[in-house]
Amino acid sequence: MTTDTPANVRKAAEDYQWEGVERMPYKEDERALFKTVTRQILFSDPALDGELRYFEVAAGGFSTLERHEHVHAVMIFRGHGHCLVGDSVRAVAERDLVYIPPMTWHQFRATGDQPLGFLCLVNARRDKPQLPTTDDLAALARDPAIAAFLNGTPTTAA
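Residues numbered from 1 in each chain as written. Predicted model: local features only at pLDDT ≥ 70, side-chain atom pairs only at ≥ 80, totals over all residues. Heavy atoms only, no water.

- Within an unreviewed UniProt entry, the label attached to the chain reads Cupin domain-containing protein, and the organism entered is Rhodoplanes serenus.

Printed below as a string of structure tokens:
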């Protein structure tokens, strides 16, 4: 939680925000390429051993292409778009679930005319993201569907 005194109930506020939860920049690492993304930490408590976060990608925006040693469990909460998980590009929409295994390249794009919002559950103690090298990007782009996704023009059906 982002407040000093945890609340048992935090009401939903306007525009996909919650009482007592700060809307923050997505990254503090300028090396990571992303566009128009915010994050909110909804639950973070050592007793949970996990963290539930809400990310919102503005229309036309995208998260960082990265991988980690930890797992992600994602639920699309608002809008629709596309995601890359490993060697697969998929269209995603509200209530879809996305599992991201360890050390798997992943990225989310809001390819519609509205924001793509998603809940993300991760370990409370997690590793730093790994960014792709030039060789990693070249290997990913050998697949035409992934190349189109990385260029912002996914070819999978919505």
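Read on for the rest.
Topic: the confidence of the model for the chain
Move 1: Predicted confidence across the chain gives a mean pLDDT of 86, with 87% of residues reaching 70 or more.
Move 2: When pLDDT is averaged over each helix and strand of the chain, the minimum, 69, is found for strand β1 (residues 24-25) and the maximum, 97, for strand β7 (residues 97-100). (pLDDT = per-residue confidence, 0-100. Helix = DSSP H or I, 4+ residues; strand = E, 2+ residues; numbered from the N terminus.)

Digging into the environment of Glu 19
Move 1: Among the structural elements, Glu 19 can be located in the segment before β1.
Move 2: Once the C-alpha coordinates of Glu 19 and Val 9 are considered, the two residues, ten residues apart in sequence, prove to be 9.0 Å apart.
Move 3: Those residues in contact with Glu 19 that sit more than four places away from it in its chain are Arg 10, Lys 11 and Ala 13. (Contact = heavy atoms within 4.5 Å.)

Some thoughts on the pattern of salt bridges
Move 1: Considering all chains together, one arrives at three salt bridges under this definition.
Move 2: In this structure, Asp 49 and Arg 125 form a salt bridge, with 2.8 Å as the shortest nitrogen-oxygen distance. You can see Asp 49 sitting in the loop between β2 (35-45) and β3 (50-62) and its partner Arg 125 sitting in the loop between β9 (116-123) and α1 (134-141), a full 76 residues away along the chain.
Move 3: Arg 78 serves as the salt-bridge partner of Glu 56, at 2.8 Å between the closest nitrogen and oxygen. Linking Glu 56 in strand β3 with Arg 78 in strand β4 (residues 72-78), this pair joins segments that are 22 residues apart in sequence. An identical accessibility class is assigned to Glu 56 and Arg 78; each is buried.
Move 4: Where salt bridges share partners, they join Asp 15, Glu 56 and Arg 78 into one cluster. (Salt bridge = Lys/Arg side-chain N within 4 Å of Asp/Glu carboxyl O. Buried < 20%, exposed > 50% of the residue type's maximum accessible area, 1.4 Å probe, protein only.)

A closer look at the packing of aromatic side chains
Move 1: One pass over the structure, following the stated rule, counts seven aromatic pairs.
Move 2: Look at Phe 55 and Phe 118: their rings are 5.4 Å apart centre to centre, the planes differ by 25°, and that puts the pair in the stacked class. Taken together, the positions of Phe 55 in strand β3 and Phe 118 in strand β9 put the pair 63 residues apart, joining distant regions of the chain. Residue Phe 55 shares its accessibility class with Phe 118, and that shared class is buried.
Move 3: Chaining the aromatic ring pairs together yields one cluster made of Tyr 16, Trp 18, Tyr 54 and Phe 77.
Move 4: Positioned above the aromatic ring of Phe 149 is the side chain of Arg 109, whose terminal nitrogen or guanidinium carbon lies 5.1 Å from the ring centre. (Phe/Tyr/Trp six-rings, centres within 6.5 Å; stacked < 30°, edge-to-face > 60°. Lys NZ or Arg CZ within 6 Å of the ring centre and 35° of its normal.)

Let's talk about the pairing of strand β8 (residues 106-109)
Move 1: Residues His 106 and Phe 108 of β8 are buried on one face, and the alternating residues Gln 107 and Arg 109, pointing to the opposite face, are buried as well.
Move 2: The pairing of strand β5 (residues 80-85) with β8 spans four bridges and is classified as antiparallel. Across the sheet, the residue bridging to Val 85 is His 106, located in β8. (Pairing = 2+ DSSP bridges.)

Let's talk about the nonpolar core
Soluble globular proteins tend to bury their nonpolar side chains together.
Move 1: The biggest cluster of nonpolar side chains holds 16 residues, and the ones touching the most others in it are Val 74, Ile 76, Val 98, Phe 108, Leu 116 and Phe 118.
Move 2: The element best represented in this core is β9, accounting for four residues.
Move 3: Filtering out sequence-adjacent residues up to four positions away, Ile 76 remains in contact with Val 92, Ala 93, Glu 94, Arg 95, Asp 96, Phe 108, Leu 116, Gly 117 and Phe 118.
Move 4: In this structure, Leu 65, Leu 84, Leu 140 and Ile 146 belong to the second largest nonpolar core, which totals seven residues. (Core = buried A, V, L, I, M, F, W, Y, C linked by side-chain atoms within 4.5 Å.)

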